Each structure stands twice: as C-alpha cells, then as structure tokens.
Amino acid sequence: GDLQSFNGLTHAVYRTRFRPFQSVQQDGGSVLFQSIIGLAEVWLDRELVARKENFAGEPVSFVLPPKPGERTLSVLIKSNPGIPAGLRGPVMVMGR
C-alpha cells in the first residue's frame, strides 16, 4: 500500500488480530515485514518483540512463539515531520 503522509503529525499505530495456522500455534514460527519505513516498535500480545531505530525502509522480523488462539500485533511508527512512513510490502507469518 501507500505510505502515510502523517499530515504534520509524527506517529501512527497499525494493529491487527490474527489466528496463525494450527502448526504455527503449536510449534511457533516467525513474522516478517518486507519493509518498515520510519522508527518502529513491534508489539505482540502487549510485549515488545522488535525495535527499528532508523528511518530507512528495511525488513523487520521476529520469532512468533507457540501459543494457541488469536494474537494481537501492533506496530508503532514514528516519522520525521513531512516525510512519508509506514509499512511497505507484505507481512508474512511463517512456520518453523
């Protein structure tokens, strides 16, 4: 999708709930963001799992521990004023 312009603001939060495939719920896996542009914190079920400390677009990944049921994923992004930022490309949940 398109990056956000933030219209004079500097922060955005992206949040989703998802239910991994049964094999990932049982054995765990990983989550890969193709590219996050801007500073970022990635939270899984209210726990910080990844931090990105530069504004350039780059992949971000983290381990998805085994857990049954639904998961909540939140990404807090900070941009420089007037510079578009956000998620670019797919976000993939992969099994081990």
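The following paragraphs examine the structure supplied in this document. Note that residues are indexed from 1 along each chain, following the sequence as it is written. Whole-chain, interface and lining totals are the exception, using all residues; otherwise, since this is a predicted model, local features are given only for residues with pLDDT of at least 70 and side-chain atom pairs are given and counted only at 80 or more. With hydrogens and water set aside, each side-chain value is computed from the structure's full complement of heavy atoms.

A short note on the overall build of the protein
Filter applied, for reference: Comment: elements are numbered from the N terminus, with helices defined as DSSP H or I runs of at least four residues and strands as E runs of at least two. Only protein chains enter the accessibility calculation, which uses a 1.4 Å probe. A residue is then buried if its area is under 20% of the maximum for its type, exposed if over 50%, and partly exposed in between.
Each helix and strand in the protein was counted, giving 1 helix and 7 strands. Start at the N end of the protein and walk to the C end: the helices and strands fall as β-α-β-β-β-β-β-β. With respect to the three principal axes, the spread of C-alpha positions in the protein is 45 × 20 × 20 Å. A buried classification covers 32% of the 96 residues belonging to the protein.

Focus on unusual backbone geometry
Notably, Asp45 is not glycine yet its phi reads approximately 50°, a positive angle. The class for Asp45 is partly exposed, based on a relative accessible area of 21%. Although it is not a glycine, Arg46 sits at a positive phi angle of roughly 70°. If you trace the backbone, Arg46 turns up in the loop between β3 (39-44) and β4 (47-52). A relative accessible area of 81% means that Arg46 is categorised as exposed.

Focus: the sheet that holds β4
Inclusion rule: Here the rule is simple: two strands pair whenever DSSP picks up at least two bridges between them. Each axis is a line fitted through C-alpha atoms, and for a helix only the stretch in contact is used; angles between axes span 0 to 180 degrees, taken between their N-to-C directions.
Reading across from one edge, β1-β6-β3-β4 is the order of the 4 strands in this open sheet, with antiparallel pairing throughout. Since the sheet does not close on itself, it has two edges, and those belong to β1 (11-18) and β4, each with one partner. In this sheet, adjacent strand axes meet at a mean angle of 15° when their direction is disregarded. Both β3 and strand β6 (residues 71-78) contribute to a ladder of 6 bridges, which runs antiparallel. Within β6, the position partnered with Trp43 by the bridge is Ser74.

Describing the sheet that holds strand β5 (residues 58-64)
The 3 strands lie next to each other as β5-β2-β7, forming an open sheet whose pairing is antiparallel. Because the sheet does not close on itself, it has two edges, and the strands there are β5 and β7 (86-95). Averaged over all pairs of adjacent strands, the angle between their axes in this sheet comes to 15°, without regard to strand direction. In terms of strand pairing, strand β2 (residues 29-37) meets β5 through 6 bridges, oriented antiparallel. Residue pairing across strands places Val31 opposite Phe62, the latter belonging to β5.

As for the pattern of salt bridges
Selection criterion: A carboxyl oxygen of Asp or Glu within 4 Å of a side-chain nitrogen of Lys or Arg is what we treat as a salt bridge.
For the structure on display, the rule yields 5 salt bridges. When the shortest N-O distance is used, the salt bridge between Glu70 and Arg17 registers 3.9 Å. Placement of Glu70 in the loop between β5 and β6 and of Arg17 in strand β1 is noted, with a sequence separation of 53 residues between them. Note that Glu53 is salt-bridged to Arg51, the shortest N-O span being 3.8 Å. Looking at Glu53, the relative accessible area reads 63%, which means it is exposed.

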